[in-house]
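Structural overview
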Amino acid sequence: MKSPITEITVAIFAIVLIASIGLNPKDTSELVPLDITLPQPMYRGTEKPIRVDHLKKISTEDRPPFLAPVGTTNVALGKPVAGSDEAPIIGELSMITDGDKEAGDGSYVELGPFLQHVTIDLKRACEIFAVVVWHYHQQPQIYFDVIVQVADDSDFVKNVRTLFNNDTDNSAGLGAGTDMHYVETNKGELIDAKGVKARYVRLYSNGNNNNDLNHYIEVEVYGKPAENQNSTYPKPV
Ligand SMILES: [Ca+2]
Ligand SMILES: [Ca+2]
């Protein structure tokens, strides 16, 4: 049985904790873990080593929670997608934002070979906290020249900012990147966008370790409409 003194101590501790959070001016916008629904995994681990330079070790652990301001949603869901290959070999560009992240045939888009890009129009400027991309996860596969950018215009001329770039040798011509190659899994790849404000999100790729083709299953953009100019994001380090 709990003693009344213990309960009072717990209550005082809780009040002090809530008060200290409330009084901290850095925490006026509350951060909560993103609720990212994952599709069914198609494989676990990799049977044979994949020889690709600068490769991130595949993790069987769950991704640590990613914190973003309360009210953050996938602002890319159902939004229009344009691309360098408007007539994909398999599927339609609209499947990239249709919410289906499963790996099976019928859920992925296959774009032409070599360097291709897709552009999502969020339809308004948004504060973006994370981009999660699933290229293909039927089998372990690594895509090359994965570059994720945001801009204020659909042609990517105005205010272009790069969120991710693993094109280490600058073969795509957008500047050499330092991000690592990674093996595609059902978890997708989460890119920290640090609260950047933009309307358009563009993703490049240049084939994969099995063939020269490019694939997309889904791209999620976690953000909020950019109306609050006094946001406290990015997170204090
Ligand atoms: Ca999809
Ligand atoms: Ca390259």
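The structure under discussion appears in the preceding block.
Residues numbered from 1 in each chain as written. Chains lettered and ligands numbered in written order. Predicted model: local features only at pLDDT ≥ 70, side-chain atom pairs only at ≥ 80, totals over all residues. Heavy atoms only, no water.

**Observations concerning the coordination of the calcium ion (ligand 2)**
Bound to the calcium ion (ligand 2) on the protein side are Asp145 (OD), Asp167 (OD), Asp169 (OD) and Ser171 (OG), at distances that span 2.3 to 2.4 Å. Between the donor residues of the calcium ion (ligand 2), the gaps in sequence give the motif D-x21-D-x1-D-x1-S. A relative accessible area of 47% means that Ser171 is categorised as partly exposed. (Donors = N, O, S within 2.8 Å, 3.2 Å for Na, K, Ca; no water. Buried < 20%, exposed > 50% of the residue type's maximum accessible area, 1.4 Å probe, protein only.)

**Considerations on the pairing of strand E6 (residues 115-134)**
Burial runs high along E6: 16 of the 20 residues are buried. The sheet contact formed by E6 and strand E9 (residues 189-206) spans 14 bridges and is antiparallel. Its bridge partner lying in E9, Glu127 is registered against Lys197. The pairing of E6 with strand E11 (residues 218-225) spans 8 bridges and is antiparallel. What sits directly across from Ala130, in E11, is Tyr222. (Helix = DSSP H or I, 4+ residues; strand = E, 2+ residues; numbered from the N terminus. Pairing = 2+ DSSP bridges.)

**Concerning unusual backbone geometry**
With a phi close to 55 degrees, Phe156 is a non-glycine residue in the positive phi region. Within the fold, Phe156 resides in the loop between strand E7 (147-151) and strand E8 (161-165). On the basis of relative accessibility, which here comes to 11%, the residue Phe156 falls in the buried class. One non-glycine residue, Asn159, lies in the positive phi region at around 55 degrees. Within the element layout of this structure, Asn159 appears in the loop between E7 and E8.

**Things to note about the pairing of E9**
One face of the sheet, then the other: side chains in a regular strand alternate in exactly this way. Most of E9 is tucked away: 13 of the 18 residues are buried. Here E7 runs beside E9; their pairing, made up of 5 bridges, is antiparallel. Looking at the pairing, Ala151 lines up with Tyr200 of E9.

**A look at the coordination of the calcium ion (ligand 1)**
Bound to the calcium ion (ligand 1) on the protein side are Met95 (O), Asp98 (OD), Asp100 (O), Ile217 (O) and Glu218 (OE), at distances that span 2.2 to 2.4 Å. Mapped onto the sequence, the donors of the calcium ion (ligand 1) take the spacing M-x2-D-x1-D-x116-I-E. Just as Ile217 is buried, Glu218 falls in that class too.

**Observations concerning the pattern of salt bridges**
Scanning all chains against the criterion turns up 4 salt bridges. Residue Glu189 is joined to Lys56 by a salt bridge in which the shortest nitrogen-to-oxygen separation is 2.6 Å. One end of the pair, Glu189, is in strand E9; the other, Lys56, is in the loop between strand E1 (31-33) and strand E2 (67-69), with 133 residues separating them in the sequence. Judged by relative accessible area, Lys56 falls into the partly exposed class, the value being 36%. (Salt bridge = Lys/Arg side-chain N within 4 Å of Asp/Glu carboxyl O.)

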